[in-house]
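Below, each chain spelled out in residue letters.
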Amino acid sequence: MPDATTEAQAQALPAERAERPTQGEKPLVRLEDVKVHFPIRRGLFARGVVKAVDGVSLQLARGETVALVGESGSGKTTLGRASLRLIEPTAGRVLFDGRDITHVPEARLKWFRRRAQAVFQDPYSSLNGTMTIEQIVEEPLIIHGVGTREERRARVLEALEAVRLRPPEEFLKKFPHQLSGGQRQRAAIARALVLDPEYVVADEPVSMVDASSRAEILLVLKERQEAAGTAILYITHDIATARHFAHRVGVMYLGHLVELGPSERVIENPLHPYTQALIAAVPEPDPTNRLRERPVIPGEPPSPAHTPKGCPFHPRCPKAMKGTCDVEGRTPQLKEHEPGHWVACYLY
Ligand SMILES: Nc1ncnc2c1ncn2[C@@H]1O[C@H](COP(=O)(O)OP(=O)(O)O)[C@@H](O)[C@H]1O
Ligand SMILES: [Mg+2]
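Residues numbered from 1 in each chain as written. Chains lettered and ligands numbered in written order. Predicted model: local features only at pLDDT ≥ 70, side-chain atom pairs only at ≥ 80, totals over all residues. Heavy atoms only, no water.

Chemist: Pulling in residues and values, what's your account of the site of ligand 1?
Modeler: Lining the immediate surroundings of ligand 1 are F38, V50, A52, E71, S72, G73, S74, G75, K76, T77, T78 and P304. Residue K76 places a side-chain N or O atom 2.8 Å away from an oxygen atom belonging to ligand 1. Those elements that place two or more of their residues in the shell around ligand 1 are strand 2 (45-60) and helix 3 (76-83). Take the shell around ligand 1: its biggest share by element is three residues, from helix 3. (Near = heavy atom within 4 Å. Polar contact = N/O pair within 3.5 Å; in protein donor to acceptor, adjacent residues only side chain to side chain. Helix = DSSP H or I, 4+ residues; strand = E, 2+ residues; numbered from the N terminus.)

Chemist: Residue-level account of the sheet that holds strand 6 (residues 116-119), with values.
Modeler: The mixed open sheet is built from eight strands, whose spatial order is 6-7-8-3-9-10-12-11. A strand with exactly one partner marks an edge of an open sheet, and here the two such strands are strand 6 and strand 11 (335-338). The sheet shows a mean angle of 20 degrees between the axes of neighbouring strands, direction not considered. Across four bridges, strand 3 (residues 65-69) lies against strand 9 (residues 248-253) in parallel orientation. By the bridge assignment, V66 is partnered in strand 9 with R248. Against the sheet, helix 3 makes contact with strand 3, strand 7 (199-203), strand 8 (231-235) and strand 9, and its axis sits at roughly 155 degrees relative to strand 8, the strand it touches most. (Pairing = 2+ DSSP bridges. Axes fitted to C-alpha atoms, helices over the stretch in contact; angles between N-to-C directions. Contact = heavy atoms within 4.5 Å.)

Chemist: Tell me about the confidence of the model for the chain, residues and numbers included.
Modeler: Interpreting fine coordinate detail is not advised for predicted regions of low pLDDT. Overall, the prediction assigns the chain a mean pLDDT of 87, with 88% of residues at 70 or greater. Of the regions scoring below 50 in pLDDT, residues 1-24 engages in 42 contacts with residues more than four places distant in sequence or in other chains. The low-confidence segment residues 289-293 (pLDDT under 50) makes 15 contacts with residues lying over four places distant or belonging to another chain. (pLDDT = per-residue confidence, 0-100.)

See the structure below:
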């Protein structure tokens, strides 16, 4: 396999990279200085770029849940999609289980497709409405040639049971439109989990379902993560659920990871002024009712097409220092402030 690096190669990185935020010896998912830039086209010509993700390094250990938080447009979805190679990064590297998949063509990613899955935000558009729940959940098994008909049926029932679509036999012949939003999202999760993936990206999995279903959906994912040792990248704009759901929290702002650390530390001792503002904007500690509300941070809403010079947050930052935070060509880099807790801010 010419384009797959070995574990040894993946470990033999320059010292400067080895000092980037790490968790465990052999990460399952490893993003190294990943950039995703989209050209802005008006008419025939490209007019600049949107720096959706602009140099993010992040690793997930087996069995680890990392929450990515940040306002809409900060690059969370793009980073999640790059980690699944649904988008090919502009620069940097994506490694899975030690193998470099950054530029591997889709035709040679089947092994990876079997081991990594996605749950998207919208359960209304993510399920094929002409297929039954059984067909929807069975399809990945067929695509990957798993099991006999009988074995597949057993695995589908098991997956439906795991997401609490009970009794599972009753859901097999139903169509998506016969399910509630919460049930559909659980069917989407059953489809994602039926292959026993090692890595799941859950992109705002509860933001479009009714409040009463949210806790159960997160619980189903958490149970699965604990039982099967799945690594989960949980993308959310809601920092309150991140604490209960994730081992670590990463905070994104305009394509940059500005803070990363153990969930309790990031929430109890937020270091970056942006994280502090996000937490201050959480209205009441009642996550089940507040998920639809976006945090409100004062100042101009950011645009990744016009990234400020210097620290991307400085135009909105109450603690910005003139001559430090606004210097062109200088972006603060992540530094380890306390064990495992990293922040990219000149205050530290
Ligand atoms: N395919 C695309 N083409 C152009 N711009 C895009 C594309 N996908 C995302 N973007 C832009 O990249 C930025 C980050 O988007 P996204 O990753 O969806 O952020 P988030 O998930 O944090 O809301 C946004 O400004 C968005 O408009
Ligand atoms: Mg998104």
